[in-house]
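Letter by letter, the chains look like this.
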Amino acid sequence: MVNGNTVDQLCLSLLKRCKTLKSIKQLHTHLFKSGLDSDTFIAGNLILHCATLISDALHHAHSFLLHFSNPDAFMYNTLIRGFSDSDHPHNSVTTFIHMRRNSNHLQPDSFSFAFVLKAAANLRSFNTGIQLHSQSITHGLDTHLYVATTLVSLYAECEQIDHARKVFDEMSEPNIVTWNAMITAYLRCSDVKGAETLYKRMPVKDLISTNIMIAGYMKAGELRLATNLFFHEMPVKDDVSWSTMIVGFAHNGCFNEALDLFVESRRVGLEPNEVSLTGILSVCAQAGALEFGKVVHGYIEKSGFGSIHTVNNALLDTYAKCGNINMARLVFERMPGRKTIVSWTTMVAGLAMQGYGEEALELFHRMEESGIKPDEITFISVLYACSHAGLVEHGYRYFSMMKDHYGIDPTFEHYGCMVDLYSRAGELEKARDFITQMPVKPNAVIWRTLLGACSIHGNVDLAEFVLEKLAELDPNDSGDHVLLSNIYAVAGKWKNVATVRKSMTSQRLTKSPGWSMVEVDKVMYSFVAGDEQNEVISEAYTSLKKIMLRLKVEGGYVPEVVGSVLHDIEDEEKESAVVTHSEKLALAFAMSRLCDGKVVRIVKNLRVCKDCHTVMKLVSKIFRVEIVLRDRSRFHSFSDGSCSCRDYW
DNA sequence: ACTATTAACT
């Protein structure tokens, strides 16, 4: 006869062998038949296994606990912990409440509070946090090391720095993790000075503390300080230090610095891991650095990281964002194992960006057929696909399907896509009616979408109406005023143009500069309209002069000034620079550097203007060159005088 | 319990 302990050990080893929900259910059936599943030790370990080791077994653990006659604190805590980092942290809170209601003899302990507070932090619910905090005081656990540390993080997430600091100050012996949490709290609340003061006062620092400071300084745009004060001064750097710097540079638009640092990290012998690889691929995707991305792809193939989902998704996104849709399709189709919702959504969005609306929708249906439920982001991509392919009816149908069939409440992003859908198709009244009938108060982005459409379709009255709305919501956006001014210019209302410009000057509104980038020999060259002279810019201008001359002689090109005058520039002196929008400079530079047969790939931060669009078409024909331009809104592929957007953008 | 990573609307 076997004793209890041996049975426990046997069950544990059987549990360990279960890697899927199916296998754990089978084991559970056996345990149930032998009555062993009512043993709290075995039941507790079953829940632990489901909650922490098997990704989709949480709900199984949940229903098991609900039917269990006398769950102990360990079982509750384990489930609360499992839910806290899941997609539904709210279930953590309900489980905590359930524990308090149904089991009078059970008292929540420090584990219960630490885990449920983590859930409240993930929910960013200040209200829930306050209530849980007060309960922890009742139980005398509010100054417990783990509970208090999580409280600091919770208040940080809710951007309540004073609450966080109060918890921190009331602790008798905060450890290094608590200090780190408190520094993170200051940085999350954008108080770099506060973080620095605390960092200096830390009794002991470890690597992580400095990594936190690097992340915070990079996010705050303090690139110099992050580099010199922390990164260069660190006696030991780990992979997190490097990755933080690399993505930090990218966040600030310093793509070459990011790419260089990745090269440097390889040079000093650091082996990339899945996080640093997704990080550098994200840099390539943002920058449109296709050639660099291909080098990273080569490394991924060699090193075996190609079997990791996140790496593959990032690779897919890189090819899509760099305009190489065929490679994106290849990565997608050859993805090992099951494609995740991220893979499908990324591919739908990638196709949509190129204007392949129908193919994007087909893919969406393939996704549904494969049994993956679309989420709110998938629908943004689907609606985006409809709007960029002019599929108005389809768009409306998917919008309804999302609400009625999938029960997803539309967010501002979805409403924005719908407004964009009607706007691009020229149905401005429908767009306006859609906005006024929204069940929530439209935000500035929604109105701005309509304003953009007014500009394209030259609707002065509606534009004035929209600007009144925008004046209430976000009066200081210079882009809106520029747009209105453009609309007046096209309509020939020069007096109004002057009025808008004058009011912009008096309000000191300056336009965010337009820039374009182009990759030559794995280096990104960026161009800003009206930028200072240097060798690269002179080269670009010289090349551009020759190009424009041929366009005028051979293509009958006439510069289109009206409507573009205020697109990239802010003052009178620069008005002459209208023919040198940054994308033209980037194109000219690339034409002078790239060998024949190569594709010119340009990335621009704003929408391309009509004149530049015309120039690109002509250049593609006269110089027999293929140009791929990614602007703020989509891809334009120019070839033999026409564009893939069919002039619909 | 604290740090780094992938998908979308202007």
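Look up: the structure comes first, before these words.
Quick summary incoming for the structure in this document. It should be emphasised that the depicted structure is a prediction, and the values quoted were computed from it without experimental measurement.

**Considerations on unusual backbone geometry**
One non-glycine residue, Arg-624, lies in the positive phi region at around 50°. Positionally, Arg-624 belongs in the loop between helix H33 (610–622) and strand E4 (627–630). When its relative accessible area of 73% is taken as the criterion, Arg-624 is described as exposed. We note that Arg-646 has phi near 50°; this positive angle belongs to a residue other than glycine.

**Observations regarding the side chain of Lys-339**
Positionally, Lys-339 belongs in the loop between helix H20 (325–333) and helix H21 (341–353). Buried and unpaired, Lys-339 has Glu-333 as its nearest opposite-charge partner, separated by 4.7 Å. In this structure, Lys-339 is in contact with His-309, Phe-332, Glu-333, Trp-344 and Ile-372, ignoring residues within four places of it in sequence.

**Considering the sheet that holds strand E2 (residues 523–528)**
Strands pair in a sheet through their backbones, by hydrogen bonds, and they do so in one of two ways: parallel or antiparallel. The 6 strands are arranged E2-E1-E3-E4-E5-E6 in an open sheet whose pairing can be described as mixed. Each edge of the open sheet carries a strand with a single partner, namely E2 and strand E6 (642–643). Strand direction decides the pairing type here: E4 and strand E5 (residues 635–639), joined by 4 bridges, are antiparallel. Paired with Arg-630 across the bridge in E5 is Phe-635.

**Let's talk about the protein's contact with DNA strand B**
Residues in close proximity to DNA strand B total 36 residues, the closest being Asn-175, Asn-180, Val-240, Ile-380 and Tyr-384. For DNA strand B, the fraction of protein-proximal atoms (within 4 Å) that sit in sugar or phosphate groups is 52%. Within the contact set of DNA strand B, a base nitrogen lies 3.2 Å away from a side-chain nitrogen or oxygen of Tyr-146. The separation between a base oxygen of DNA strand B and a polar side-chain atom of Asn-211 is 3.5 Å.

Thresholds applied
Residues numbered from 1 in each chain as written. Chains lettered and ligands numbered in written order. Predicted model: local features only at pLDDT ≥ 70, side-chain atom pairs only at ≥ 80, totals over all residues. Heavy atoms only, no water. Helix = DSSP H or I, 4+ residues; strand = E, 2+ residues; numbered from the N terminus. Buried < 20%, exposed > 50% of the residue type's maximum accessible area, 1.4 Å probe, protein only. Lys, Arg positive; Asp, Glu negative; His and termini not counted. Salt bridge = Lys/Arg side-chain N within 4 Å of Asp/Glu carboxyl O. Contact = heavy atoms within 4.5 Å. Pairing = 2+ DSSP bridges. Near = heavy atom within 4 Å. Polar contact = N/O pair within 3.5 Å; in protein donor to acceptor, adjacent residues only side chain to side chain.

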